[in-house]
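A closer look at the structure
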Amino acid sequence: MKSLSRQISLAVLMGTMALAAHAQEFKAGFVNTDRIFREATTAKAAQAKLEQEFSKREKELVDTGNTLKTASDKFEREAPTLSESQRTARQRQLVDQDREFQRKRREFQEDLNSRKNEELSAVLERANRVVKTVAEAEKYDVILQEAVYINPKHDITDKVLKALNAGK
C-alpha cells in the first residue's frame, strides 16, 4: 500500500513536472542519501563516535560469548563422566548464563540502534539544510532523495557533500 501511494505520488509529481517544463524551465535534482551517510565528514565523525562509545561493551560481549562457548564445549566433553545431578546443575548454569548473555546482547543492539538513529538523524537534518541552501542558490524546483532511476546529470550529491564537508 505504501509503495502504491509512493508510485502515485511520484506519477503526480512527474506529471506536474512535465506541465511545468512546458510552461517554463523546470530544474530537478537528486541527492543520494546513502552516499551522504557514507562520505560526509559529519557522518564519518558520527560513526567514529559510536564506535568509541560502544566498543568497550562490544568487546565485553564478545569475551562473554567466547567464555560461554568454552564452558559449553567443556561441558559437552565432561558430560558423560558427570553424575546426573552434576550434569543437570551445570546444564542449568549454562542455560542461565546464555540467557543473561542473550539479554545483554539484545540491550546492546537496542542501545546501539537507538544511538545510531540519533546520530544519523542529526546528519540527515544538517544535510537537508545544505540541500535546501544548494537548491535555493541554484534555483532548483525540486530535489528528490529516492528514485528508481535518476539520470546522473541530475545528481547533485557531490555539490551537497562539498558544501556539507565545508561546514556550510
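Coordinates for the structure precede this section.
Scoring rules and cut-offs
- Residues numbered from 1 in each chain as written.
- Predicted model: local features only at pLDDT ≥ 70, side-chain atom pairs only at ≥ 80, totals over all residues.
- Heavy atoms only, no water.
- Helix = DSSP H or I, 4+ residues; strand = E, 2+ residues; numbered from the N terminus.
- Buried < 20%, exposed > 50% of the residue type's maximum accessible area, 1.4 Å probe, protein only.
- Contact = heavy atoms within 4.5 Å.
- Areas by Shrake-Rupley, 256 points an atom, 1.4 Å probe, with all protein chains shown as cover.
- Axes fitted to C-alpha atoms, helices over the stretch in contact; angles between N-to-C directions.
- Parallel < 35°, antiparallel > 145°, perpendicular 65-115°, else oblique.
- Left-handed = near helix turned anticlockwise from the far one by under 90°.
- Nonpolar A, V, L, I, M, F, W, Y, C, P; charged D, E, K, R; others polar.
- Core = buried A, V, L, I, M, F, W, Y, C linked by side-chain atoms within 4.5 Å.

A word on the overall build of the chain
Helix and strand counts for the chain stand at 5 helices and 2 strands. From first element to last, N terminus to C terminus, the chain shows the α and β order α-β-α-α-α-β-α. When the 168 residues of the chain are sorted by exposure, 24% land in the buried category. In the chain, 77% of the contacts between residues at least 6 apart in sequence involve partners at least 24 apart. If you sum the accessible surface of the chain, you get close to 12100 Å²; carbon and sulfur atoms cover 53% of it.

Some remarks on the environment of Glu 84
Summarising the element assignment, Glu 84 is placed in helix H4 (residues 84–137). Judged by its relative accessible area of 52%, Glu 84 is exposed.

Observations regarding the packing of H4 against helix H5 (residues 157–165)
Packing of H4 against H5 brings their axes to within 9 Å, and their N-to-C directions diverge by 115°. In terms of axis orientation, H4 runs roughly perpendicular to H5. When the axes of H4 and H5 are compared, the crossing they make is right-handed. In contact with Arg 126, Ala 127, Val 130 and Val 131 of H4, H5 contributes Val 160, Ala 163 and Leu 164. A per-class count over the contact of H4 with H5 returns 6 nonpolar, no polar and 1 charged.

Details of the packing of helix H3 (residues 41–78) against H4
With their axes 10 Å apart at the nearest point, H3 and H4 run at an angle of 170° to one another. As judged from the angle between their axes, H3 and H4 are roughly antiparallel. When grouped by side-chain class, the residues that make up the contact of H3 with H4 number 13 nonpolar, 6 polar and 17 charged.

Regarding unusual backbone geometry
Its identity as a non-glycine residue notwithstanding, Lys 139 has a phi of 55°, on the positive side. Looking at the secondary structure, you find Lys 139 in the loop between H4 and strand S2 (142–144).

Some remarks on the nonpolar core
Residues Val 31, Ile 36, Ala 40, Val 130, Ile 156, Val 160 and Leu 164 are the most contacted members of the largest nonpolar core, which totals 17 residues. Every element with two or more residues in this core is listed here: H3, H4 and H5. Apart from residues no more than four positions distant in its own chain, Val 160 is found in contact with Val 31, Ile 36, Ala 127, Val 130 and Val 131. Within the second largest apolar cluster, 11 residues are counted, among which are Leu 50, Phe 54, Leu 68 and Ala 79.

Considerations on the side chain of Thr 157
Within the element layout of this structure, Thr 157 appears in helix H5. Setting aside chain neighbours within four positions, we find Thr 157 in contact with Phe 30, Val 31, Asn 32, Arg 35 and Ile 36.

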